Amino acid sequence: MLMIVRKSFILTLLCLVSGLFVFADDGNTTEEFDASETILHHVLDTHDWHITDIPAGKDEHGKTHYIPIALHLPWFFYSSRDGMQFVGSTEGLAEKGYMALHDHLYALKPGVTPPTDAHGHIDMDEKTLEAWEAENVDHHVSVYDLSITKASLHMIMVGIAMMLVFSAVARGYKRNQGKAPSGIQSFFEPIIIFIRDEVAKPYLHDKAARFLPYLLSLFFFIWFSNLFGLTPFNSNVMGNISVTAALAVLTFLLINFNGTKDYWIHIFNTPGVPWVLKFGIPLMPIVEIIGVFTKPFALMIRLFANISAGHFMVLSLVCMIFILGKNGAQPGGAFGIMPLSFAFTTAIFVLEMVVAIIQAYIFTLLTTVFVGMALESHDEHHH
Amino acid sequence: MGTFGILGAGIGAGLAAIGAGMGIGRLAASTVESIARQPEASGDIRGAMILTAAFIEGVALLGEVVCLLIVFLNPQGVA
């Protein structure tokens, strides 16, 4: 037992250290270091899964060339000019008359070639680029980007991981009926039981079984995504506001489709409130209707902000190495700050592992509480 | 907006942190007191505390996100 604990501890430590090296590897020694750009690049969603750059010689200006190790994801979009399109590469985009810039797709006027080099970079300052855009981008064509981006790819990966893990857990339940759990089942069973007995049952009572599959999926999806985001190379799925917005919309639908008669009466004809405030000046209904929307909105913001904040903190602490090392020009500064940065980052990583499960728990708990409130019927206790 | 925008974002982030700190501090104080008075109800009290803490934190994070947006949408903030 002690051996396993020690092994897993060493493995965790290795993961954290390798994570640091990965972040640290992204420094580009020839240019001035821009902390906020680096942080944003790591936090935002992109169309390629960029792992690292390998330096490969210098050109005639003494500028280092880098070979990126990255997985380029295909473009899949609807355009009002050409209909549905599926394009594998940047060159393919140019052939069809489109250009990707800062992860947005632009339709170009016929016969225009995008000013990108082989790696998809544009060597232009901002003003020239703006002038070029105004002249050559066809703004009458609307492009709807439906591509599988890095975050959606990672969500699919989390989904596959969950399917593998939970089919193993389910097999364990079948095999060990009436016996003690074994294998991976023994790790997940207490958590499943916790969600059932401490989250679902106190708020949903006899209807708990109906909502439990969704609540468990929600909890484990958020938790797994958060943990996945803490491993090297991976994006922060739950630090993407579109993902949390989708989860919040699901909660919103779940609350309002399950709302009983009493739930709607409480919104439009709140009991115990003078009729002037309901029908004369409809203050209470307005407040209640705003409340319907603020509940999922707060869920969305909370999850997004918590996970993003963790990634920002880790990246800022790692960026300290590059800021004090002047991006390779002053190695003493980099080596001086490294122990401090390493210690802080490790501490934040551990904190983030706790936050990962706490945020998953809070999202699930609040969803349950809101659904429970909507399901409540007030026949037995009037107030 | 310029520099003052960033200054405002910094002050705003600080104020949001102060508000959340006061709220969570009061909440924690009352929770510890209630658990000390009635240790057998600690499970229920803890559940209520986490729920309320999440609400307080949600409002504070809303403030922090607004401040973050000010910094990132500010041309001087990203440059």
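Note that the structure is predicted; figures quoted are calculated from it, not measured.

*Asks:* Where do I start with the overall build of chain A in this structure?
*Replies:* Helix and strand counts for chain A come out as 12 helices and seven strands. Expressed as a percentage of the 383 residues in chain A, the buried residues total 24%. The long-range fraction of contacts in chain A, counting pairs at least 24 apart against all pairs at least 6 apart in sequence, stands at 63%.

*Asks:* Whenever I open this one, the sheet that holds strand S3 (residues 75-79) of chain A confuses me. Can you help?
*Replies:* The strands making up a sheet associate through backbone hydrogen bonding, with each pair oriented either parallel or antiparallel. Residue and element names in this part refer to chain A. Pairing in this open sheet of three strands is antiparallel, and the strands run S4-S3-S7 from one edge to the other. The two strands at the open ends of the sheet, each matched to only one other strand, are strand S4 (83-87) and strand S7 (143-145). Across the sheet, the mean angle from the axis of one strand to that of its neighbour is 25°, orientation sign disregarded. Here five bridges tie S3 to S4, and the two strands are oriented antiparallel to one another. Bridge pairing in S4 links phenylalanine 77 to glutamine 85.

*Asks:* Is there a simple way to explain the interface of chain B and chain A in this structure?
*Replies:* As a measure of interface size, the accessible area lost when the parts come together is often cited. At the junction of the two partners, chain B supplies 10 residues and chain A supplies 10 residues. Considering every element that reaches the side of chain B that touches chain A, the biggest residue donor is helix H2 (residues 42-73) of chain B, with nine residues. Looking at side-chain class alone, the side of chain B that touches chain A contains seven nonpolar, one polar and two charged residues.

*Asks:* I would appreciate a short explanation of the pairing of S3 of chain A in the present structure.
*Replies:* Put simply, side chains in a regular strand alternate between the two faces of the sheet. Residue and element names in this part refer to chain A. Where S3 hands over to S4, the hairpin turn is made up of three residues, counted between the paired strands. Inspection of the sheet shows S3 paired to S7 by three bridges, in the antiparallel sense. Residue serine 79 lies in a different strand from S7, and its bridge partner there is valine 143.

*Asks:* What is the right way to read the confidence of the model for chain B from this model?
*Replies:* Reading fine detail from the predicted coordinates is not recommended where pLDDT is low. Residues of chain B with pLDDT of at least 70 account for 91%, and the chain-wide mean is 84. Both scores are given for the predicted complex: the pTM is 0.80, the ipTM 0.71.

*Asks:* Whenever I open this one, the nonpolar core confuses me. Can you help?
*Replies:* Soluble globular proteins: nonpolar side chains tend toward being buried together. Residues and elements named next belong to chain A. Among the nonpolar cores identified, the biggest contains 44 residues, and Phe219, Ile222 and Phe363 are the most heavily contacted of them. Here the element with the most residues in this core is helix H7 (residues 208-230); it accounts for 10 residues. Contact partners of phenylalanine 219, with chain neighbours within four places excluded, come to Ile195, Ala360, Tyr361 and Thr364. If you look at the next biggest cluster of nonpolar residues, it comprises eight residues, including Leu317, Val318, Ile321 and Phe322.

*Asks:* For this particular structure, what's the right way to read the environment of alanine 208 of chain A?
*Replies:* Residues and elements named next belong to chain A. When you line up the elements, alanine 208 lands in helix H7. Note on alanine 208: 19 C-beta atoms within 10 Å, which makes it partly exposed. Linking alanine 208 and arginine 196, residues 12 residues apart in sequence, is a C-alpha distance of 7.7 Å. If near-sequence neighbours (up to four positions away) are discounted, alanine 208 is found in contact with Arg196, Ala200 and Lys201.

*Asks:* Teacher, can you tell me more about the packing of H7 of chain A against helix H12 (residues 331-375) of chain A here?
*Replies:* If you want to describe how two helices pack, look at the angle between their axes and the distance between the axes. All names here are of chain A. Put simply, H7 and H12 touch, their axes get as near as 9 Å, and they point 160° apart. By the criterion of interaxial angle, the relationship of H7 to H12 is roughly antiparallel. Crossing hand, H7 versus H12: right-handed. Per-class residue counts for the contact of H7 with H12 are 16 nonpolar, five polar and one charged.

*Asks:* Is there a simple way to think about the environment of methionine 155 of chain A in this case?
*Replies:* Residue and element names in this part refer to chain A. Residue position: methionine 155 is located in helix H5 (residues 150-175). In the structure, methionine 155 is positioned 69 residues away from phenylalanine 224 in sequence and 9.6 Å away in space, judged by C-alpha atoms. In this structure methionine 155 touches Ser225 and Val237, once residues within four positions along its chain are discounted.

Scoring rules and cut-offs
Residues numbered from 1 in each chain as written. Chains lettered and ligands numbered in written order. Predicted model: local features only at pLDDT ≥ 70, side-chain atom pairs only at ≥ 80, totals over all residues. Helix = DSSP H or I, 4+ residues; strand = E, 2+ residues; numbered from the N terminus. Buried ≥ 20, exposed ≤ 12 C-beta atoms within 10 Å, placed from the backbone. Contact = placed C-beta atoms within 7 Å. Pairing = 2+ DSSP bridges. Axes fitted to C-alpha atoms, helices over the stretch in contact; angles between N-to-C directions. Nonpolar A, V, L, I, M, F, W, Y, C, P; charged D, E, K, R; others polar. pLDDT = per-residue confidence, 0-100. Core = buried A, V, L, I, M, F, W, Y, C linked by C-beta atoms within 7 Å. Parallel < 35°, antiparallel > 145°, perpendicular 65-115°, else oblique. Left-handed = near helix turned anticlockwise from the far one by under 90°.

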